[in-house]
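Chain by chain, the residues run as shown.
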Amino acid sequence: MMHRRIRCTRSPRNALIILCLLGLTACGPPTPEEQLSAARKSIEASDPRTAEIYLKNLLLDEPNNAEARQLYGEFQLSIGDAAGAEQSLQRAVELGIPASAVHVPLLRAQIHQGKFADALALIDSGMDLTNPDQISVNISAGMAHQGLGSLVEAEASYRAALEIDPDSAAAQAELAGFLLDTGRGAEAVRLVEAALDDAPDFARALFLRGVMEHAAGRYDAAEASFVAALNSDSGDRRTRLAALARLIETLLALGKLSGADSSADLLLSLNPSNPVALYLKARVEFEKKDLDGAARRLQGLLATFPDYGPAYTLLGSISRAEGETNTAIMYLQAAIRKTPSDNSARLMLAEMHIAEGDLDAARDLFDGSAQSGAMGSLFLASAGWLSLDLSLI
C-alpha cells in the first residue's frame, strides 16, 4: 500500500498511476515500467520521498528487478546511504545490469564509506568506459589515493582526469581541491577561476571559491559563494553538505549567530551523529555563551569520536573562558597531539604560556608548528574536505 503523502500533481499520467496505487480508481495495478518511470520522474522533480516509495514497493513485488535495484542503489547514494547503495548496485550487477553501468556510482559508494583499497581494486579491474565516465573514475582514484595518504598517486589521478578534457569543470575543481589540501593555493585559484568561467553555476567550484574567500577574510563574499553552491542544481550531496558546514563557519565569522544556529540545526538534522555537525553546533553554542551546552555536546562527540581534534580545541576555549587554566592546557595539548596542524590550538596555548611568563614553552610551540609541517590559514581553511565527504554523506 502506498503512502498517502504521494503527490499527484506531476502529470495526468502520473496522477492516474498514483490513484491506481492508492486504490482510488478502478484500474489494474501499475506495471513495473510505470513504477520505474514514476520513480525517475520523482527523482528529477527533487521528490525523494515519493521516489523511495515507488522503488521500495516495486522491489517488494519484484526483488529481482535489475533496473529497479540499480535505480534504488543510485537513489540510496544520492541520499547518503553509501553502504546500502553498494549492496544494491552489486545486486543489480548480479541480476544482469552491465558492470560498466554501475561502475561510477559503485566507486563513489565505496569511497564515501572509506573503502579506498576496494575502490582502487575495482578501478584496476578494468572497464570500457566513455570519456565522461573515465573522468569520474580518475577523480575517484584520486580521492581513494588521497584517502590512503598516497598524495603523488592522487595528484597523478586528478591530472589524468583533466588531461582527458582540459575544460572539464569537475576535473578542474577536484584537482583544485587537492591542491588546496596540499598547500598550493595559486594553482588552485587558477583552476577554480577557469571552472567558473566555463560553468558559472558549478557547485564544487563555487564551494572552493568560498573556501579561498573565507581564508582571505572576505567573509561576505564567502557567504555568497557558499549560498550559491547550496542553491546550484549541479551540487551533489557531498558538495552541499560541505558548503553548509563552511557556511556555518562563515556566518560565525560575520557574527550572524541566528543564521549560523539555524544552519547548524539543518546540518544536524541531515546527520545527527556526524562529528562535524556536532562540533559546528557546539561552536554556535559557544558563541552564544551557552558554555555548558557546548561542553556537553563536545564530550558526547568525543565519547564516540575520541580522535576528533577540533573538539579538544573548543573544549580548551571553553575551559579558558571559565577560568580553568589547567584544564584548558590539557585540552589544547590533546588537540595538538590529535591535529599537529591546528595552529589555533597552538596560538591559544602559547598565549596562556606567555601569560604565565613561560616564554620558552610558548617558543617551543611555534617551533613545533614549523616542524610538523603546518601549512597556515589557507590549509586549515580548506583541509578536511575529504573527511567531510566521508563523514557528512
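Residues numbered from 1 in each chain as written. Predicted model: local features only at pLDDT ≥ 70, side-chain atom pairs only at ≥ 80, totals over all residues. Heavy atoms only, no water.

### Quick look at the overall build of the protein
Right, on to step 1. Counting its regular elements, the protein contains 23 helices and zero strands.
Right, on to step 2. Out of the 393 residues belonging to the protein, those deemed buried represent 51%.
Right, on to step 3. Here the contacts in the protein between residues at least 6 apart in sequence split such that 54% fall between residues at least 24 apart.
Right, on to step 4. Accessible area of the protein: about 18000 Å², with a carbon and sulfur share of 52%. (Helix = DSSP H or I, 4+ residues; strand = E, 2+ residues; numbered from the N terminus. Buried < 20%, exposed > 50% of the residue type's maximum accessible area, 1.4 Å probe, protein only. Contact = heavy atoms within 4.5 Å. Areas by Shrake-Rupley, 256 points an atom, 1.4 Å probe, with all protein chains shown as cover.)

### What about the pattern of salt bridges?
Right, on to step 1. Summed over all chains, the structure comprises 19 salt bridges.
Right, on to step 2. Glu-94 is the partner of Arg-91 in a salt bridge, and the nearest nitrogen-oxygen pair spans 3.1 Å. Of this pair, Arg-91 and Glu-94 both sit in helix α5 (residues 82-94), three residues apart, which is roughly one turn of the helix.
Right, on to step 3. For Lys-281, the salt bridge identified is with Asp-265, shortest N-O distance 2.8 Å. With Lys-281 in helix α16 (residues 275-287) and Asp-265 in helix α15 (residues 257-270), this pair connects stretches of sequence that are 16 residues apart.
Right, on to step 4. Classification of Asp-265 as partly exposed rests on a relative accessible area of 39%.
Right, on to step 5. Each of Glu-155, Arg-159, Arg-184 and Glu-187 takes part in salt bridges that share partners, so that together they form one network. (Salt bridge = Lys/Arg side-chain N within 4 Å of Asp/Glu carboxyl O.)

### A few points about the packing of helix α4 (residues 66-78) against helix α6 (residues 99-112)
Right, on to step 1. Here α4 crosses α6 at 35°, and the two axes come no closer than 10 Å. Considering only the axes of α4 and α6, their crossing is left-handed. Only Ala-101, Val-102, Pro-105, Arg-108, Ala-109 and His-112 of α6 make contact with α4, whose side of the interface consists of Gln-70, Glu-74 and Leu-77.
Right, on to step 2. Residues of the contact of α4 with α6, tallied by class, amount to five nonpolar, two polar and two charged. (Axes fitted to C-alpha atoms, helices over the stretch in contact; angles between N-to-C directions. Left-handed = near helix turned anticlockwise from the far one by under 90°. Nonpolar A, V, L, I, M, F, W, Y, C, P; charged D, E, K, R; others polar.)

### What to know about the confidence of the model for the protein
Right, on to step 1. Looking at the protein as a whole, the pLDDT averages 86, with 86% of positions reaching at least 70.
Right, on to step 2. Summarising per-element confidence for the protein, the mean pLDDT is lowest in helix α22 (residues 376-382) (33) and highest in helix α13 (residues 219-231) (97).
Right, on to step 3. Within the model, the stretch residues 1-13 combines pLDDT values under 50 with 26 contacts to residues more than four positions away or in other chains.
Right, on to step 4. Here residues 15-26 scores under 50 on pLDDT; set against residues more than four positions off or in separate chains, the count is 22 contacts. (pLDDT = per-residue confidence, 0-100.)

### So, the nonpolar core
Right, on to step 1. With 95 residues, the main nonpolar core has Phe-207, Ile-248, Leu-267, Leu-298, Leu-301 and Ile-318 as its most contacted residues.
Right, on to step 2. Per-element accounting of this core gives the leading share, nine residues, to helix α14 (residues 237-253).
Right, on to step 3. If we ignore the near neighbours within four places in the chain, the residues touching Ile-248 are Ala-260, Ser-263, Ala-264, Leu-267, Leu-280 and Val-284.
Right, on to step 4. Ranked by size, the runner-up nonpolar core spans 12 residues in total, among them Ala-51, Tyr-54, Leu-55 and Tyr-72. (Core = buried A, V, L, I, M, F, W, Y, C linked by side-chain atoms within 4.5 Å.)

### A look at the environment of Ile-318
Right, on to step 1. With respect to the helices and strands, the residue Ile-318 is situated in helix α18 (residues 309-321).
Right, on to step 2. Here Ile-318 is in contact with Phe-286, Leu-291, Ala-294, Ala-295 and Leu-298, once residues within four sequence places are set aside.

### Here's the deal with the side chain of His-353
Right, on to step 1. With respect to the helices and strands, the residue His-353 is situated in helix α20 (residues 343-355).
Right, on to step 2. On the basis of relative accessible area, His-353 is assigned to the buried category, the value being 11%.
Right, on to step 3. Among residues more than four places away in sequence, those in contact with His-353 are Asp-358, Ala-361, Ala-362 and Leu-365.

### Notes on the side chain of Ser-317
Right, on to step 1. With respect to the secondary-structure elements, Ser-317 resides in helix α18.
Right, on to step 2. Residues within four places of Ser-317 in sequence aside, it is in contact with Phe-286 and Met-348.

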